Amino acid sequence: MPGNIRLGVNIDHVATIRNARGGNHPDPLSVARALVGSGMDGITIHLREDRRHIRDADAEAICAWGAAGAGKPVNFEMAITDEMLSIATRLKPHGACIVPERRAEITTEGGLDVVNTRAALRPAIARLRDAGIRVSLFVDPSPGQVEAAAEIGAQVVELHTGAYANGKPGELNRLREAATLTAKLGLECHAGHGLTFANVQPIAALPEVRELNIGHYLIGEALLIGLPTAIAEMKRLMIEARL
Ligand code: PXP
């Protein structure tokens, strides 16, 4: 794979636009299909408790497409609730990324508190893994959270890059150290949130980071240059950062 780094494209906001009119257009599955060949290595969807963007029927159709030969691996972001665990184990996406979810938040504002919720996370991870789903935990770049993720059986850690994207001093170093620790503990390291053409390269350059999940910026940029072009440019920047 070029540059040994994958780009997961979060298409939640395709559904946000569809829902604004209440009809069927644009259809997230049709968009996912059209993006094959653009540089996208996987599709990310977040079925939220309030179904504000992706809905059950979208998740069902996209996971079925992802599992079929021509599809791309689906990364299913989910809160740790009984409902979501039942849906995930039924739809069997390639991966599940457990995220914290607060109803009033506009987006996923922070990482999971794995350290203090490991008792609830451990059986959920086991249930997903038993269904053949690779489990990722979305955490802030803190050594304690990464260690706890490894201890309770996660296979992947996705580092929250939101504070870095907001320009918080020292965040790139925290991400670098957390990525090194993730790999040292034998877990695959992903990263995402708030990444743009302007800030992606220092993150893509971290050698332990194997996948970036990017949504909002790509959809915004699509209004100017089109989604396949925005994805191709993001992927180009990611690969360039690893040369
Ligand atoms: N990764 C995770 C776990 C997320 O929750 C999100 C936001 O839904 C993203 C990546 C993508 O963030 P953004 O839309 O800011 O690119």
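Here, every reference points to the structure presented above.
Predicted model, so just to flag it, every value in this text is computed and none were measured.

Undergrad: I'm lost on the overall build of the protein in this one. Help?
TA: Scanning the protein for helices and strands turns up 11 helices and 8 strands. The C-alpha atoms of the protein give a radius of gyration of 17 Å, which matches the 18 Å a tight globule of 243 residues would have. Taking all 243 residues of the protein together, 53% fall into the buried category. Partitioning the contacts of the protein with sequence separation of at least 6, the portion at a separation of at least 24 is 67%.

Undergrad: Help me understand the packing of helix α10 (residues 216-225) against helix α11 (residues 227-241), please; the structure alone is not making it clear to me.
TA: Where α10 meets α11, the closest approach of the two axes is 7 Å, and the angle between their N-to-C directions is 120 degrees. The angle between the axes of α10 and α11 places the two elements in the oblique class. As α10 runs across α11, the sense of the crossing is right-handed. Between α10, through Tyr217, Leu218, Ile219, Glu221, Ala222 and Ile225, and α11, the contact on the second element is made entirely by Leu227, Thr229, Ala230, Ile231 and Met234. Its residues placed into classes, the contact of α10 with α11 shows 9 nonpolar, 1 polar and 1 charged.

Undergrad: What is the right way to read helix α3 (residues 56-67) from this model?
TA: Each full turn of the α-helix corresponds to 3.6 residues, which orients residues three or four apart in the same direction. For α3, which comprises 12 residues, the first-to-last C-alpha distance of 17 Å matches the rise-based estimate of 16 Å (1.5 Å per residue) to within 8%. All buried positions along α3 are accounted for by Asp58, Ala59, Ile62, Cys63, Trp65 and Gly66. The arc that holds every buried residue of α3, seen down its axis, measures 160 degrees, which confines them to one face. The exposed set on the far side of α3, more than 90 degrees from its buried face, consists of Ala57, Ala64 and Ala67. Check the buried side of α3 and you find it contacts α1 (12-21), α2 (28-34), β2 (42-46), β3 (74-78) and α4 (82-91).

Undergrad: Can you walk me through the environment of alanine 34 in this structure?
TA: As for its position among the elements, alanine 34 is in helix α2. The spatial distance from the C-alpha of alanine 34 to the C-alpha of glycine 110 is 31 Å, given a sequence separation of 76 residues.

Undergrad: Could you clarify how one ought to interpret the packing of helix α5 (residues 114-130) against helix α6 (residues 143-151) in this entry?
TA: The description of two helices packed together rests on the angle between their axes and the distance between the axes. Following both chains from N to C, one finds α5 and α6 inclined at 15 degrees, their axes separated by 9 Å at the closest point. Looking at the two axes, α5 sits roughly parallel to α6. For the pair α5 and α6, the crossing hand works out as right-handed. Between α5 and α6, the contacting residues are Val114, Val115, Arg118 and Arg122 on the first element and Gly144, Gln145, Ala148, Ala149 and Glu151 on the second. Split by residue class, the contact of α5 with α6 holds 4 nonpolar, 2 polar and 3 charged.

Undergrad: Explain the site of the ligand to me, please; I cannot follow it from the model alone.
TA: Taken together, the neighbourhood of the ligand is formed by Asn10, Glu77, Val99, Thr108, Phe138, Glu158, His193, Gly194, Asn213, Ile214, Gly215 and His216. Measuring from a nitrogen atom of the ligand, one finds a side-chain N or O atom of glutamate 158 at 2.5 Å. A distance of 2.9 Å separates an oxygen atom of the ligand from a polar backbone atom of histidine 216. Protein contact buries 93% of the 390 Å² of open area that the ligand shows by itself.

Undergrad: Whenever I open this one, unusual backbone geometry confuses me. Can you help?
TA: For residues besides glycine, phi is generally negative; the peptide bonds are generally trans as well. With an omega of -5 degrees, the peptide bond between histidine 25 and proline 26 qualifies as cis. A positive phi angle, close to 55 degrees, is found at arginine 51, a residue other than glycine. On the secondary structure map, arginine 51 appears in the loop between β2 and α3. For arginine 51, a relative accessible area of 17% corresponds to the buried category. Phi at lysine 92 is positive, roughly 50 degrees, even though this residue is not glycine.

Undergrad: What's the story with the packing of aromatic side chains in this structure? I'm lost.
TA: What describes a pair of aromatic rings is the distance from one ring centre to the other and the angle between the planes of the rings. Applying the stated criterion across every chain, the model contains 1 aromatic pair. Ring geometry for phenylalanine 197 against tyrosine 217: centres 5.0 Å apart, planes inclined by 75 degrees, an arrangement best described as edge-to-face. Note that phenylalanine 197 is positioned in the loop between β7 (188-192) and α9 (200-204) and tyrosine 217 in helix α10, a separation of 20 residues in sequence. Judged by its relative accessible area of 18%, phenylalanine 197 falls in the buried class. Residue classification places tyrosine 217 among the partly exposed residues on the basis of a relative accessible area of 25%.

Definitions and cut-offs
- Residues numbered from 1 in each chain as written.
- Predicted model: local features only at pLDDT ≥ 70, side-chain atom pairs only at ≥ 80, totals over all residues.
- Heavy atoms only, no water.
- Helix = DSSP H or I, 4+ residues; strand = E, 2+ residues; numbered from the N terminus.
- Rg over C-alpha atoms; globule rule 2.2 N^0.38 Å.
- Buried < 20%, exposed > 50% of the residue type's maximum accessible area, 1.4 Å probe, protein only.
- Contact = heavy atoms within 4.5 Å.
- Axes fitted to C-alpha atoms, helices over the stretch in contact; angles between N-to-C directions.
- Parallel < 35°, antiparallel > 145°, perpendicular 65-115°, else oblique.
- Left-handed = near helix turned anticlockwise from the far one by under 90°.
- Nonpolar A, V, L, I, M, F, W, Y, C, P; charged D, E, K, R; others polar.
- Expected span 1.5 Å × (residues − 1).
- Arc of directions from axis to C-beta.
- Near = heavy atom within 4 Å.
- Polar contact = N/O pair within 3.5 Å; in protein donor to acceptor, adjacent residues only side chain to side chain.
- Areas by Shrake-Rupley, 256 points an atom, 1.4 Å probe, with all protein chains shown as cover.
- Phe/Tyr/Trp six-rings, centres within 6.5 Å; stacked < 30°, edge-to-face > 60°.

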